[in-house]
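# Breakdown of the fold
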Amino acid sequence: DQQVKQNSPSLSVQEGRISILNCDYTNSMFDYFLWYKKYPAEGPTFLISISSIKDKNEDGRFTVFLNKSAKHLSLHIVPSQPGDSAVYFCAASAYTGNQFYFGTGTSLTVIP
Amino acid sequence: NAGVMQNPRHLVRRRGQEARLRCSPMKGHSHVYWYRQLPEEGLKFMVYLQKENIIDESGMPKERFSAEFPKEGPSILRIQQVVRGDSAAYFCASSPSNTYEQYFGPGTRLTVT
């Protein structure tokens, strides 16, 4: 039962343009969301998070948007850089819970 | 400040052998989580531990798998009598509490032949 879904396994974007990665979830109890970035042969690296009391959180080139009614979140990267090429995972948790539920990842390629 | 450390990075076992995966959390972190990533899938939660306690093992298979986080030393994920389906990347993460972001180690890639 995949409670967090990333329906696009891959995405290619030109350098300098915006990258938009999407994530949907099914569990209405989730109230804390994170994005992780993963390079091959490395562990995931925390990128940005958002709690359900917000609908937007920004950190430099990265912005996460949360639409609770649609159970949808997205990660915007602008401008995209070749070093952003990696697999991006979204994860969700009920704030008082212990588990994070991960999506299957989206592989982003930024073309120079 | 060293990050989360996992060893070995690669482990090859024959069917029926035991696999032991080690995780040393970041300094000051007392919460450890184990995840498994099967090929073409996302990370799946297995178990959450604090020092000397298993808090949540709802994601761990009931048989052959066990985890511990002793008072001294690393957390250990143990898989007995490994089968081919156990081949995966196993990631450990740590946090200072269960309300903070989790910091991941580089993973152990287990191959069962």
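Overview of the structure. (Residues numbered from 1 in each chain as written. Chains lettered and ligands numbered in written order. Predicted model: local features only at pLDDT ≥ 70, side-chain atom pairs only at ≥ 80, totals over all residues. Heavy atoms only, no water.)

### Digging into the sheet that holds strand β1 (residues 5–7) of chain B
All names here are of chain B.
- Pairing is antiparallel across the open sheet formed by 4 strands, whose spatial order is β1-β3-β8-β7. Each edge of the open sheet carries a strand with a single partner, namely β1 and β7 (65–68). When strand polarity is set aside, the average angle formed by the axes of neighbouring strands in this sheet is 15°. (Pairing = 2+ DSSP bridges. Helix = DSSP H or I, 4+ residues; strand = E, 2+ residues; numbered from the N terminus. Axes fitted to C-alpha atoms, helices over the stretch in contact; angles between N-to-C directions.)

### A few points about the sheet that holds strand β8 (residues 72–77) of chain A
Residues and elements named next belong to chain A.
- In space, the 5 strands of this open sheet follow the order β1-β3-β8-β7-β6, with antiparallel pairing throughout. Two strands bound the open sheet, and with one partner strand each, they are β1 (4–5) and β6 (56–59).
- Relative to β8, strand β7 (residues 62–67) is paired through 6 bridges, and the arrangement is antiparallel. By the bridge assignment for β8, Phe65 is matched with Ser74.

### Quick word on the side chain of B:Ser95
- Along the chain, the position of B:Ser95 falls in strand β9 (residues 88–95).
- Of note is the side chain of B:Ser95, whose polar atom sits 3.3 Å from the side chain of B:Tyr33. (Polar contact = N/O pair within 3.5 Å; in protein donor to acceptor, adjacent residues only side chain to side chain.)

### Section: the side chain of B:Asp56
Residue and element names in this part refer to chain B.
- Its location among the elements puts Asp56 in strand β6 (residues 53–56).
- Buried charge without a salt bridge: Asp56, with Lys62 as the nearest opposite-charge side chain at an N-O distance of 8.7 Å.
- Within the structure, the side chain of Asp56 is placed 2.7 Å from the side chain of Ser58, a separation counted as a polar contact. (Buried < 20%, exposed > 50% of the residue type's maximum accessible area, 1.4 Å probe, protein only. Lys, Arg positive; Asp, Glu negative; His and termini not counted. Salt bridge = Lys/Arg side-chain N within 4 Å of Asp/Glu carboxyl O.)

### As for the environment of A:Ser69
Residue and element names in this part refer to chain A.
- Within the element layout of this structure, Ser69 appears in the loop between β7 and β8.
- Residue classification places Ser69 among the exposed positions, given a relative accessible area of 71%.
- Sequence separation of Ser69 and Val4 is 65 residues, and the distance between their C-alpha atoms is 15 Å.
- Looking at Ser69, its side chain comes within polar contact range of the side chain of Asn67, at 2.8 Å.

### With respect to the interface of chain B and chain A
- Each partner contributes to the interface: chain B provides 21 residues, whereas chain A provides 20 residues.
- Interface of chain B and chain A: buried area, both sides summed, is about 1,700 Å²; carbon and sulfur atoms make up 53% of it.
- The interface formed by chain B and chain A holds 0 salt bridges in total.
- The tally of links between chain B and chain A comes to 3 residue pairs in polar contact (both at pLDDT 80 or more).
- Among the elements of the structure, β4 (31–37), β5 (43–50) and β6 of chain B are those that each provide at least two residues to the side of chain B that touches chain A. (Contact = heavy atoms within 4.5 Å. Buried area = accessible area lost by both parts, 1.4 Å probe.)

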